[in-house]
Amino acid sequence: QVRLVESGGGLVQAGGSLRLSCAASGLTLSSYSMAWFRQAPGKERDVVAVVYRQTTYADSVKDRFTISISTSKNTMYLQMNSLKPEDTAVYYCAVYFEGGSENDSANWRYWGQGTQVTVSS
């Protein structure tokens, strides 16, 4: 059974940093495509970063966020720097892209439970 457990969210002031973690069990992360999405209140779940053939980032987070993986810990990370109030959202990790557009959350099979990130101004 695949399980993704997220941690690392919290409250931070604008300009600060956070690192989100997504610990996987039931599969080997390095063998799969992976991504981070986020969902603000009243909005759709939007892609933040994707590792599939290459690593891509949403324009809104480019040069501020970095996705990475620890194979020894079977954990993926999202390092978030220079945070802005508009980054406030619930952040989700996702694994196993099933085809179509990788920016569409419906095309990812496994999900973490989400972790809240709040950036104050």
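Structure shown above.
Source: prediction; values computed, not measured.

Cut-offs used in this document
- Residues numbered from 1 in each chain as written.
- Predicted model: local features only at pLDDT ≥ 70, side-chain atom pairs only at ≥ 80, totals over all residues.
- Heavy atoms only, no water.
- Phe/Tyr/Trp six-rings, centres within 6.5 Å; stacked < 30°, edge-to-face > 60°.
- Helix = DSSP H or I, 4+ residues; strand = E, 2+ residues; numbered from the N terminus.
- Buried < 20%, exposed > 50% of the residue type's maximum accessible area, 1.4 Å probe, protein only.
- Lys NZ or Arg CZ within 6 Å of the ring centre and 35° of its normal.
- Pairing = 2+ DSSP bridges.

Some points on the packing of aromatic side chains
Part 1 of the argument: Under the counting rule described, the total for this entry stands at 7 aromatic pairs.
Part 2 of the argument: For the ring pair Phe-37 and Trp-108, a centre distance of 6.2 Å and an interplane angle of 75° mean the geometry is edge-to-face. Note that Phe-37 is positioned in strand β4 (residues 34–39) and Trp-108 in strand β10 (residues 108–111), a separation of 71 residues in sequence.
Part 3 of the argument: Note on Trp-108: relative accessible area 3%, which makes it buried.
Part 4 of the argument: On the numbers, 6.3 Å between centres and 80° between planes, the contact of Tyr-92 with Trp-111 is edge-to-face. In this pair, Tyr-92 sits in strand β9 (residues 89–97) while Trp-111 sits in strand β10, placing the two residues 19 residues apart along the sequence.
Part 5 of the argument: One aromatic cluster is present, formed by Phe-37, Tyr-52, Tyr-92, Phe-97, Trp-108 and Trp-111 through successive ring pairs.
Part 6 of the argument: Here the guanidinium or amino end of Arg-45 rests over the ring plane of Tyr-92, the centre of that ring lying 3.6 Å away.
Part 7 of the argument: Lying over the aromatic face of Trp-111, Arg-45 brings its terminal NZ or CZ to 4.8 Å of the ring centre.

Brief notes about the pairing of strand β6 (residues 54–57)
Part 1 of the argument: Across 4 bridges, strand β5 (residues 45–52) lies against β6 in antiparallel orientation. Bridging from a neighbouring strand, Val-50 pairs with Thr-56 of β6.
Part 2 of the argument: Hairpin connection from β5 to β6: 1 residue lie between these consecutive antiparallel strands, with Arg-53 at a positive phi of about 65°.

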